[in-house]
Amino acid sequence: MSILYDAQAAAFTLHTQNTTYQMQVARTGHLLHLYYGRRTGGDCLDYQYVPMDAGFSPNAYELRYQRTASVDLQPQEYSSENTGDFRLSALEVTLGNGAFGTDLRYKSHAILPGKYRVEGMPAAFAGDGEAETLIITLEDAASHLQVELLYGVFSGKDIITRAARLRNAGTGTITLQKAASMVLDLPFGHWDLLHFHGRHCMERMPQRMPLIRGIQTVASRRGASSHHHNPFVILCDHRCDENHGDCIGLMLVYSGNHRTDVEVDQMSSTRVVMGIHDEQFNWTLAPGEVFHTPEVLLTFSHRGLTALSHTYHRFLRQNIIRSRWNTRQRPVLINNWEATYFNFTAEKILQLAEQAAALGVEMLVLDDGWFGQRNDDNAGLGDWYVNTKKLPGGLDPLIEKINALGMKFGIWVEPEMVSEDSDLYRAHPEWALTVPDRKPVMSRNQLVLDMADPAVIEYLYTQFSALLREHHIEYVKWDMNRNMADVYSHSLPAARQGEVFHRYILGVYGLLERLTSEFPDVLFEGCAGGGGRYDAGMMYYFPQIWCSDDTDAIERMTIQHGTSFGYPISTVGAHVSASPNHQTGRTTPLGTRALVAMAGTFGYELDLGKLTDGEKEQIKEQIQRFHRYYDLIQNGDYYRLTDPQEQSYFNAWEFAAPDGSRALLNLVVTHARANPNGVHFRLKGLDLDALYAVGELHCDGCEVALEERSERLISGSSLMYAGYTLPLMRGDYPCVQMLFVRR
Ligand code: DGJ
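Position labels on residues start from 1 in each chain and follow its written sequence. Residues qualify for local features only when their pLDDT is at least 70, as the model is predicted, and side-chain atom pairs are given and counted only at 80 or more; totals for whole chains, interfaces and linings, by contrast, use all residues. Heavy atoms throughout the structure, all of them, feed into the side-chain values; hydrogens and water do not.

In this analysis, rings of Phe, Tyr and Trp, with Trp reduced to its six-membered ring, are considered paired at centre separations within 6.5 Å, and the interplanar angle assigns stacked below 30 degrees, edge-to-face beyond 60, and tilted for intermediate values. For the structure shown, the criterion picks out 34 aromatic pairs. The ring of Tyr116 is capped by Lys115, whose NZ or CZ atom sits 4.1 Å from the centre of that ring. Of note, Arg328 hangs over the ring of Trp325, and the distance from its end group to the ring centre comes to 5.1 Å. Should the NZ of a Lys or the CZ of an Arg lie within 6 Å of a ring centre and within 35 degrees of the ring normal, that charge is described as sitting over the ring.

What follows is the structure, encoded as C-alpha cells:
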C-alpha cells in the first residue's frame, strides 16, 4: 500500500520508493499539507506546526477564542480566497449571490487501486498494479461546490500526480475565475526557482534564482505552453546541484495558457500554485457540472537534478507517451524545409529523396508548401488539398517513387491555422478567432482557427483523416505557427468567452485523440515554430517534438541542455542543417552538427546536392553510427556533464547504459583558445569496479587518435572520480564522440 490513512491522526501518507507526501485534516476540517520530501517512516508530522497566534492572521470562526491556528499560517493543500488565507489561492469563485470565495472543508475520501482519469485531457496512465489513487473531497457549505483532490501515487517511479475535479453539487450557478491544478506549501527551507524561459529559436533556457519575499510568476498567455516559459519548474535547495541536494519538480501536463506562482510569505513559507492561467479565464459551472483541471507530475529528489531528470525521462517514456513509436526505432529523415523552403517541385523533392536514400536516410518529409496556393507564408493555410502545379498528379505518384527508393514518406500540416487568403477562410470567416468589429492582429499573416468550435474540429477531422486514409503517409509533422490574440469564439455566447482558451486546447486534444487512435502506426511529430509547445500534454500524442527552429549546432546545445531537465532525449526532434547555418550564419564542422543532432531523433535538413563527395561519405558513416548507438541514446541515461551557460570552453554530455556496460561521451569545443589546458571531464553512470576501454572514437576538427586511446583499460571509478583528459583541440567547434565499453 502506498497510500495510508491514519484515522486517529486524520492523516494521509503517500509513500513512493524514495519520497513521502503527507496531509492532515485539521479539527476545523481544513486540509493541511504536512510534508513533501525524502521518504520518512510515515509518522505524523503535525508536531512541526507549532500553534501560534500571529497578528493580522485570522482564525476560523470556531477557533475565535483559542486563536492558535490560522488558515493564513498553516500549510494548506488547496487554498481559497476571501476566507482568511491571504496567500495565493488555487481557486477563485463567484457564487450566484455575487460573493467571492469558498471555505473548503474535508467531506470524505477514497483510496482506490489504479490511476484516476482526467476527462478530455492527457494524463499519466498506469500499468497493472503500478499506481494507487487517493481522492479527497472538500466542500464549501455555502455553495456546495465540491473539490475533489486527485492523487495518483506511482510508488516505484517516485512520481505523484495531482489534479482537481470541481463539481457543482449545489443548486445555483457558480463561476470559476481561477481553478489551479495544485498548491504545494513548503513551510521550511530556502529554495531557488529553476525555470525554463526563452523565445522563438531560443527555447528552454534554464534560469535559476533564489526566491525572494513576494510572488514570482512563470506563465504563458499565448494560447500555447510557449517558447517563452515552459510549464515546468524545479524548486531547488540552495545547495542542490546536478549530483546532490533536494529538489522538487512540478510539470504541468498541459499545452495552453499556464501559470505557476511561487510566493514566499511573511513567515518565509513558500507556496507554489500551478495550473491554467486565470487571465481571460472564467468557467460557468451549472448545477451538476464538473470542471477538470490539468494534471501535474510531481517528483522529489534528494540526489540532485540529474536524478530528478532521470525520473521524468523514465516517467514520460513509460507513463505519458502512448505512441507505438515510443519504443520503435525512428527513421532517420531528410526534411526539405531548409533545403528548399517553399521553392520546390516534385522533381526537386524526388531528387532530394534519391540523394538521401543513397546515403542511408530512411524517410523523406515534405514540409510546408505542398497544398492550396501556398507559395509563401501569406496564403493557403486551411486548403488541405494538393497543389498540383507543384506536385502534378497529386501526392500518390511522389509517394510511390519515394517508397520505391525504400524510404518512408512523411508530411507537414498546420491544422489549427487559416490564411485570410484561403478558400477555407472565404467560406468560413467565422471559424477564425476574431473579435467582432475589430481588425485582428496578424502573425505570420495568418489567423487561428476556433478549435473551441466543434464544427471546426469535425471539419479538420474529416480533412486529415482522409489525408491519412487515402495516402501512404507514415509520418506527420503537426505545426502551429502563431500565438493567439483576438481570442473570441463566434460559437460561444458572451458569458462563455472566458472559456475559449481552455476549450481551444480541449478541441486540439480531442482531435489528436481521434487521429492518433485511428492511425496508431503514423509517427506524429509535434511542432510550434520549433519548440513553442514542448510539453508533457503534447507528448501524450506526439512521441517527438521539433525542439527548435534554431538548427545551429552551437546554439542547439544550450536549447537541448535546457530541454533535458524535464524531457527525454527520445522526444527531441533534431536535424543536421547547412553550414553556414541559416539562422546564425555560423560555420561548424559537419561532424559537430551530427553529434548535436544525435542527442535527439536525428535527421537531415539541407540541400544534399550542395555537398561534396567527402561530406556525403561522412553522412553515410554518421547514419550507420547513429544506428549503432540508437539504443544507448534513446534508452540510456542522459547526463549533463557541463553547463553551457557557465562553461566557456566546451560542452559535454553523455549517454550511459543503465547497467553501466557502455557510455557514450559527446564533447564540442565552443571557444578556441591559445595555450589552454587539456579538455577534462568526468564520466557518470559507470560501474565503479569495472574496467573500461575506448571502443570507438570519432572526431571532427581535432587530432585525437584512437590507437593511442583504445588499448588502455581504465576503471569506472577513475573515469568517474578522477576523470579523463583530451589533448588541446584547435579551430572552430571541433567535436569528439567516444564510446567507453566495459571489459
Ligand atoms: C515552423 C517549423 O518549425 C519549421 O520547421 C517549418 O516546418 C516551418 N514552420 C514551415 O512553415
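Bringing the packing of helix H6 (residues 454-470) against helix H7 (residues 500-518) into the picture now. To get an axis, a line is fitted to the C-alpha atoms, and for a helix only the part in contact is used. The angle between two axes follows their N-to-C directions and goes from 0 to 180 degrees. Secondary structure elements are taken from DSSP: a helix is a run of H or I of four residues or more, a strand is a run of E of two residues or more, and numbering for both begins at the N terminus. Direction vectors running N to C along H6 and H7 enclose 25°, while the axes themselves pass 10 Å from each other. Of the possible angle classes, the one that applies to H6 and H7 is roughly parallel. Both H6 and H7 take part in a crossing whose hand is right-handed. Every residue of H7 that contacts H6 at Ile457, Glu458, Leu460, Tyr461, Phe464, Ser465 and Arg469 is listed here: Gly507, Val508, Leu511, Arg514, Leu515 and Glu518. Under the convention adopted here, Pro, Cys and the residues Ala, Val, Leu, Ile, Met, Phe, Trp and Tyr are nonpolar, Asp, Glu, Lys and Arg are charged, and Gly plus all remaining residues are polar. Tallied by class, the residues present in the contact of H6 with H7 amount to seven nonpolar, two polar and four charged. Reported orientations rely on four angle classes, namely roughly parallel under 35 degrees, roughly antiparallel over 145, roughly perpendicular from 65 to 115, and oblique for the rest. Crossings are assigned a handedness: left-handed for a near helix turned anticlockwise from the far helix by less than a right angle, right-handed for a clockwise turn. Residue contacts are counted whenever heavy atoms from the two residues lie within 4.5 Å of one another.

With that out of the way, let us pick up the site of the ligand. Proximity is defined per residue: any heavy atom of the residue falling within 4 Å of a molecule or strand makes that residue near it. Close contacts around the ligand come from 13 residues, with Asp367, Asp368, Lys477, Asp479 and Asp549 the closest. Under the rule applied, a polar contact is a pair of N or O atoms within 3.5 Å (in protein, one hydrogen donor and one hydrogen acceptor; residues adjacent in sequence only if both atoms are side-chain atoms). Within the side chain of Trp412, one N or O atom sits 3.1 Å away from an oxygen atom of the ligand. Among the residues forming the shell around the ligand, the class breakdown is four nonpolar, three polar and six charged.

What follows is about the pairing of strand E27 (residues 523-526). Burial along E27 is two-sided: Leu523 and Glu525 and Phe524 and Gly526, pointing in opposite directions, are all buried. At least two DSSP bridges between two strands are required for those strands to pair. Here strand E26 (residues 475-478) runs beside E27; their pairing, made up of four bridges, is parallel. Bridged to Trp478 within E27 is Gly526. Whether a crossover is right-handed depends on one test, that the path from the first strand over the helix to the second runs clockwise when the strands point away from the viewer. With H7 bridging E26 and its parallel neighbour E27, the resulting β-α-β unit is right-handed. As judged from the two bridges shared by E27 and strand E28 (residues 544-546), these two strands associate in the parallel manner. Each bridged residue has a counterpart across the sheet, and for Gly526 the counterpart in E28 is Ile545. Accessible area is worked out with a 1.4 Å probe on protein chains only. A residue is then buried under 20% of its type maximum, exposed over 50%, and partly exposed in between.

Read across the sheet, six strands follow the order E32-E33-E34-E39-E36-E37 without closing on themselves; strand pairing throughout is antiparallel. The open sheet has two free edges, formed respectively by strand E32 (637-640) and strand E37 (714-715), since each of these has just one partner strand. The sheet contact formed by E32 and strand E33 (residues 650-656) spans four bridges and is antiparallel. By the bridge assignment for E33, Asp637 is matched with Ala656. Helix H11 (residues 613-635) rests against E32, E33, strand E34 (662-669), strand E36 (691-700) and strand E39 (735-742) of the sheet, and its axis sits at about 140° to E36.

In terms of nonpolar packing, the biggest core is built from 203 residues, with Leu176 and Trp370 touching the most fellow members. Among the elements that make up this core, the one with the highest residue count is H7 (nine residues). Aside from chain neighbours lying at most four places away, what touches Leu176 is Leu91, Glu92, Val93, Leu166, Phe281, Asn282, Trp283, Leu285 and Phe291. The set of buried Ala, Val, Leu, Ile, Met, Phe, Trp, Tyr and Cys residues whose side-chain atoms join them within 4.5 Å is what this entry labels a nonpolar core.

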